[in-house]
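Residues per chain are reported as follows:
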Amino acid sequence: MVKIRNLKKSYKGFPVLRGLNMDINDGDVYGFLGRNGCGKTTTMNIICGVIPKDEGEIQLGDGSKRITIGYLPESPSIFPYMTAREYIEYIAACSDYNGDIKKRTDEVLEIVGLREAADRRTKGFSRGMTQRLGMGAAILKDPDLLMFDEPTSALDPQGRSEVIGIIERLKKLGCTIVLSTHILSDVERVANRIGIVNGGMIAEEGDMSTILRKYGGDVISMSVRNLTQEQKIALLKIDFARAEFNNDTGVFRFGTDNADETSKRLIKLAADNNMVIEDYKIGTATLEEVFRKVVG
């Protein structure tokens, strides 16, 4: 869907993008990550044609047809005197939508969870409702590519959940989505691929599961009933895994590249030290842990 090679962009002589390469496949939910100011929004604006690039190549689609893009900026501008319905119909008119505008407006408002608020003035909308209305405008023409820039920024937990729920619905419909956000738990919930920007370039890109395993391996979480100081020291001194203990939760975490072998040795160590295991789980590293390793 999107292929970018050697993308460069500078502002007043300061290079923001220094040769960025990026690949987004048809049907991906692509988590676009990086520190604030690293060039994510600049990249998205260039893809959308909002600003020009300095150098580089951008291929959208396979070249057989012109692809369409729906874009949600971080802070969408909504006319406060319009109702949600009027706003979507206005966007449809501005974009020369050639279908049944009334029917499509109802469909869009249903998708973004604003059907019951369709005839309310947007002046009274919460930030979460405004974001969802902006998403509605982006999906109006059923574009080939959706680009959401910080859609959950500054939202309360309920608002975030509603927005991510919409992205999950769009994912099930087969939409290709670029999701730029600094809330990594949201990315873990919906993305199948990620790209991490560092130093104006993509420092890591690939399938979520592959990258989590590459940087974190397996992670074993274990809690012990009535933990003694001697038992704690025995677990933390093990030499076959990366060990840490959370004093607040009472949970040990062991990073390992071989969960099966580590599990055998952990269980033996627990038995030898009379430990009663309350909880034991094997998972992978979190995206936050990977992000810290990639960007430093």
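Residues numbered from 1 in each chain as written. Predicted model: local features only at pLDDT ≥ 70, side-chain atom pairs only at ≥ 80, totals over all residues. Heavy atoms only, no water.

### Looking at the layout of surface pockets
Then, in step 1: What the largest pocket holds in volume is close to 340 Å³.
Then, in step 2: Looking at the largest pocket, it is lined by 15 residues, and the ones nearest its centre are Thr 68, Ile 69, Gly 70, Lys 141 and Pro 143.
Then, in step 3: Here the lining of the largest pocket takes three residues from strand β5 (residues 69-72), the largest share from any one element.
Then, in step 4: One number sums up the size of the second largest pocket: a volume of about 230 Å³.
Then, in step 5: Put simply, the parts of the chain that give the lining of the second largest pocket at least two residues each are β11 (242-246), β12 (251-256) and α10 (287-295).
Then, in step 6: For the lining of the second largest pocket, the residue count by class is three nonpolar, two polar and six charged. (1 Å grid on protein atoms, 1.4 Å probe; cavity = no way out; pocket = protein on both sides within 12 Å on 5 of 7 lines; lining within 4 Å. Points joined across faces, edges and corners; volume = space filled by probe spheres on them. Helix = DSSP H or I, 4+ residues; strand = E, 2+ residues; numbered from the N terminus. Nonpolar A, V, L, I, M, F, W, Y, C, P; charged D, E, K, R; others polar.)

### A word on a nonpolar patch on the surface
Then, in step 1: A cluster of nonpolar residues, Phe 79, Tyr 81 and Tyr 90, forms a patch on the protein surface that exposes about 300 Å² of accessible area.
Then, in step 2: Locating Phe 79 in the fold gives a position in the loop between β5 and α2 (84-94). (Patch = residues over 30% accessible without salt bridge, like charges linked within 9 Å, V, L, I, M, F, W, Y side chains within 5 Å. Areas by Shrake-Rupley, 256 points an atom, 1.4 Å probe, with all protein chains shown as cover. Salt bridge = Lys/Arg side-chain N within 4 Å of Asp/Glu carboxyl O.)

### Observations concerning the sheet that holds strand β1 (residues 2-11)
Then, in step 1: Strand order in this open sheet of three strands is β2-β1-β4, and the pairing throughout is antiparallel. Because the sheet does not close on itself, it has two edges, and the strands there are β2 (14-24) and β4 (55-60). Taken over all neighbouring pairs, the strand axes of this sheet differ in orientation by 20° on average, direction set aside.
Then, in step 2: Across eight bridges, the pairing between β1 and β2 is antiparallel. Looking at the pairing, Ser 10 lines up with Pro 15 of β2.
Then, in step 3: Helix α1 (residues 40-48) contacts β1, β2 and β4 of the sheet and is inclined by roughly 115° relative to β1. (Pairing = 2+ DSSP bridges. Axes fitted to C-alpha atoms, helices over the stretch in contact; angles between N-to-C directions. Contact = heavy atoms within 4.5 Å.)

### A look at α1
Then, in step 1: Most of α1 sits out of view: seven of its nine residues are buried.
Then, in step 2: Downstream of α1 by one or two residues, Gly 49 has phi in the positive range, about 85°. (Buried < 20%, exposed > 50% of the residue type's maximum accessible area, 1.4 Å probe, protein only.)

### Quick word on the pattern of salt bridges
Then, in step 1: Taken as a whole and judged by the stated rule, the model has 21 salt bridges.
Then, in step 2: Glu 162 is the salt-bridge partner of Arg 132, the closest N and O atoms lying 3.3 Å from each other. Taken together, the residues Arg 132 in helix α4 (residues 127-139) and Glu 162 in helix α5 (residues 157-172) connect sequence positions 30 residues apart.
Then, in step 3: Of the charged contacts in the structure, one is a salt bridge between Asp 207 and Arg 193, with a shortest N-O distance of 4.0 Å. Note that Asp 207 is positioned in strand β9 (residues 201-207) and Arg 193 in strand β8 (residues 193-198), a separation of 14 residues in sequence.
Then, in step 4: Three or more residues joined by partner-sharing salt bridges are found here, namely Asp 28, Arg 193, Glu 205 and Asp 207.

### Notes on helix α9 (residues 259-272)
Then, in step 1: If you check α9, its first and last C-alpha atoms are 20 Å apart, about what 14 residues at 1.5 Å a residue would give, namely 20 Å.
Then, in step 2: All of the buried residues along α9 are Ala 259, Thr 262, Ser 263, Leu 266, Leu 269 and Ala 270. Taken around the axis of α9, the buried residues stretch over an arc of 130°, which confines them to a single face. Those residues of α9 that are exposed and aimed more than 90 degrees away from the buried face are Asp 260, Lys 264, Lys 268, Ala 271 and Asp 272.
Then, in step 3: Packed against the buried residues of α9 are β10 (218-225), α8 (229-236), β12 and β13 (276-284).
Then, in step 4: The positive-phi residue at the C-terminal boundary of α9 is Asn 274, with phi of around 55°. (Expected span 1.5 Å × (residues − 1). Arc of directions from axis to C-beta.)

### A word on the packing of α2 against α4
Then, in step 1: At their nearest, the axes of α2 and α4 sit 9 Å apart, and the two run at 30° to each other. Put simply, α2 runs roughly parallel to α4. For the element pair α2 and α4, the recorded crossing hand is right-handed. Every residue of α4 that contacts α2 at Ala 84, Tyr 87, Ile 88 and Ile 91 is listed here: Leu 133, Gly 136 and Ala 137.
Then, in step 2: Taken together, the residues of the contact of α2 with α4 sort by class into six nonpolar, one polar and no charged. (Parallel < 35°, antiparallel > 145°, perpendicular 65-115°, else oblique. Left-handed = near helix turned anticlockwise from the far one by under 90°.)

### Points about the pairing of strand β7 (residues 176-180)
Then, in step 1: Summarising burial for β7: five of the five residues are buried, a large majority.
Then, in step 2: In β7, alternate side chains face the same way, and those of Thr 176, Val 178 and Ser 180 on one face and Ile 177 and Leu 179 on the other are all buried.
Then, in step 3: The pairing of strand β3 (residues 29-34) with β7 spans four bridges and is classified as parallel. Each bridged residue has a counterpart across the sheet, and for Phe 32 the counterpart in β7 is Ser 180.
Then, in step 4: Relative to β7, strand β6 (residues 145-149) runs parallel, the two being bridged by five bridges. By the bridge assignment, Leu 146 is partnered in β7 with Ile 177.
Then, in step 5: Handedness of the crossover is the feature at issue here: the chain leaves β6, passes through α5, returns alongside β7, and the resulting connection is right-handed. (Right-handed = clockwise from strand over helix to strand, strands pointing away.)

Worth remembering: the numbers are spatial, not functional.
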